[in-house]
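An overview of the molecular structure
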Amino acid sequence: MRSVRWCALAVLASIFLCNHAAWAQEPPAPAPAPAAAPADPPTPDACGSFHEFATTNCPLTWHGITLFGTYDVGVGWVSHGLPENAYNYEGASLINRNGNNSEWLIAPNNLSQTGLGIKGKEEVLEGWSVVFNASTGINPQSGQLANASDTDIINNGLPRGSYSYAIDGARAGQPFNDEFYGGVSSASLGTLTFGRQRALGTDAMLNYDPAGGSYAFSYIGYNGTMAGGGDTEDTRWDDAVKYRLSYGPAHFGVMYKFADGSGGCYSASATWSAATCTPEQAHNTAYGFDLGAEYGHLSADVVYQHYNQAISVLNPLLGAQSPTQPYQSTTDSINTNPITGPNLIDTANTLYGIVTDNSALMVAAKYTWDPFKFYGGYEHIQQFNPDHPLGVGASDQGGYILSGVEDNNLDTPKTVQIWWTGAKYAYDSKTDITTAWYHQAQNTFRAPPTCVPGDMRSSCAGDLNEFSLYLDHHFTKRFDVFAGITYSDVSGGLAIAIPHGPGVPYYHNSNTAPVIGGRFAF
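Residues numbered from 1 in each chain as written. Predicted model: local features only at pLDDT ≥ 70, side-chain atom pairs only at ≥ 80, totals over all residues. Heavy atoms only, no water.

Let us now look at the packing of aromatic side chains. Across all of its chains, the model carries 16 aromatic pairs by this definition. Ring-pair connections join several aromatic residues into one group, and the members of that group are F50, F53, F520 and F522. When the ring centre of Y89 is taken as origin, the NZ or CZ atom of R171, which lies over that ring, is 6.0 Å away. Stacked on the ring of Y208, the Lys or Arg K366 has its end atom at 5.9 Å from the ring centre. (Phe/Tyr/Trp six-rings, centres within 6.5 Å; stacked < 30°, edge-to-face > 60°. Lys NZ or Arg CZ within 6 Å of the ring centre and 35° of its normal.)

In structure tokens:
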């Protein structure tokens with residue numbers, strides 16, 4: 001299947017690279033577009049030679065269709081990490097629940113996600129254009145499509161001490177795991193698109209994060225809790241319609257996701273079986289709004305998002321174990337009740353998910369005062385047990401299914417707060433120095449709220465901090481090198497690795513991660 005995906009990408013690349021028509025230049029594509037950007041700048045002159053392509057920012061464009069990509073890789077060290085695997089696309093900078101030993105690593109996707117894509121904007125009537133984007137993330141160290149789900153699956157059945165990196169994320173090996181959409185754009189009426197698209201919170205994060213969504217130096221870039229409005233899998237929405245409009249200094253966005261997939265088989269009984277559970281339908285609709293403006297050197301946005309049946313995958317599956325052991329159980333469960341009799345589905349190539357309904361409100365701003373840019377933001381997230389439960393066999397992203405489901409993980413509503421600030425200093429025309437601080441806090445949603453040493457659970461109040469500092473130097477418009485360091489720590493309920501009682505803590509509560517590398521973007 002992966003060979004088919006690679007062939008498809010190769011064919012798309014060949015169509016555009018082999019064409020001998022003149023290249024028409026547009027703004028560079030690899031960096032994520034700001035949320036609700038103003039009108040496009042004038043199109044510069046076309047590239048006249050390969051030397052111009054290598055030394056300037058002219059893209060590969062033909063008849064309004066652009067081929068773009070990025071390759072970002074480095075070498076890093078972590079004080080408390082794990083062995084890498086071929087599917088992990090987020091690197092190792094953030095503290096990991098299972099990180100134990102110091103490691104030297106090939107560090108993928110530090111400032112940007114390595115990937116390839118095509119996008120287009122072709123005028124069909126005066127003032128009206130057809131637009132599309134098809135882009136995917138690739139792991140530079142392995143050539144595999146970015147796949148968070150497989151990082152968990154390849155660790156299924158292993159003891160915790162033998163894990164490699166296991167993450168959760170919106171990229172699950174889809175042929176186009178970033179975006180895949182099409183639509184129409186009007187110079188005066190805005191842009192309407194449909195398909196797989198970045199959430200409004202993701203657009204805002206990329207615009208207002210001082211580190212620009214960097215996996216190596218940004219908590220809100222590495223972990224999609226903020227961008228996804230509560231869960232990292234929701235940083236991109238499938239089957240979604242998105243509308244954006246700019247008017248003078250103001251801009252507006254709205255987004256809606258239609259339900260898709262299967263709801264699995266559900267029962268609220270503590271002694272349920274395959275014969276007594278009820279088939280469910282998916283109710284994973286979502287919607288969001290964005291309102292913002294730019295005035296002089298100041299830009300600000302307010303974003304609201306709501307997502308039903310959001311899924312969080314915390315750990316790989318293992319054979320059923322005693323709750324006192326540091327393992328995640330594969331025993332099929334709903335409301336944490338074990339199923340009686342055989343599993344409804346084979347647990348091979350499956351995941352274990354916690355399901356919630358999420359609402360999030362974000363406020364973010366940035367201000368330019370040459371040679372500095374200042375950034376800051378805050379998001380308030382509330383999570384509830386889902387109004388419509390998912391069952392065993394429910395769909396997760398990328399065609400994967402859940403062999404274990406928890407619909408009653410929250411004793412009381414969970415509140416998560418995330419805030420961040422930072423600054424970027426332009427040392428000269430080619431060199432930037434960026435520093436940032438990120439903080440996440442959660443309330444106690446355990447009932448009764450007994451949270452004391454020796455009885456700490458993931459439902460207890462807790463905090464996470466991350467600090468980063470890095471330098472980025474551009475040798476050319478397309479090639480830059482970087483070096484920096486990130487420190488992160490956790491405490492309280494956020495320092496619990498395995499959520500079921502009694503909670504199993506992280507191996508270590510902090511991580512230090514220096515990294516150096518390079519990036520080429522076209």
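So much for the structure itself; the text now carries on.
Before going further, it helps to examine unusual backbone geometry. A cis geometry characterises the amide bond from D370 onward to P371, with omega recorded as 5°. The peptide bond linking A447 to P448 adopts the cis configuration, its omega dihedral lying at -5°. With respect to the helices and strands, the residue P448 is situated in the loop between β20 (431–442) and β21 (462–474). Residue N109 is not a glycine yet carries a positive backbone phi of 55°. Here N109 lies in the loop between β3 (101–108) and β4 (115–125). N109 gets classed as buried once you look at its relative accessible area, which sits at 0%. (Helix = DSSP H or I, 4+ residues; strand = E, 2+ residues; numbered from the N terminus. Buried < 20%, exposed > 50% of the residue type's maximum accessible area, 1.4 Å probe, protein only.)

Let's shift gears to the layout of surface pockets. Empty space within the second largest pocket amounts to approximately 1,100 Å³. Taken together, 47 residues make up the lining of the second largest pocket; nearest its centre are R97, S312, L314, K414 and L494. For the lining of the second largest pocket, the secondary-structure elements that each account for two or more residues are α5 (219–222), β13 (298–313), β16 (351–369), β19 (414–426), β20 and β23 (496–498). Top contributing element to the lining of the second largest pocket by residue count: β23, with three residues. Across the lining of the second largest pocket, the residue classes tally to 20 nonpolar, 18 polar and nine charged. (1 Å grid on protein atoms, 1.4 Å probe; cavity = no way out; pocket = protein on both sides within 12 Å on 5 of 7 lines; lining within 4 Å. Points joined across faces, edges and corners; volume = space filled by probe spheres on them. Nonpolar A, V, L, I, M, F, W, Y, C, P; charged D, E, K, R; others polar.)

Formed by 50 residues in total, the largest nonpolar core has its most connected members in F217, I220, M226, W237, I418, W420 and Y438. Considering every element that reaches this core, the biggest residue donor is helix α4 (residues 200–208), with five residues. When near neighbours in sequence (up to four residues on either side) are disregarded, M226 contacts M205, I220, Q305, M362, E379, I418 and W420. (Core = buried A, V, L, I, M, F, W, Y, C linked by side-chain atoms within 4.5 Å. Contact = heavy atoms within 4.5 Å.)

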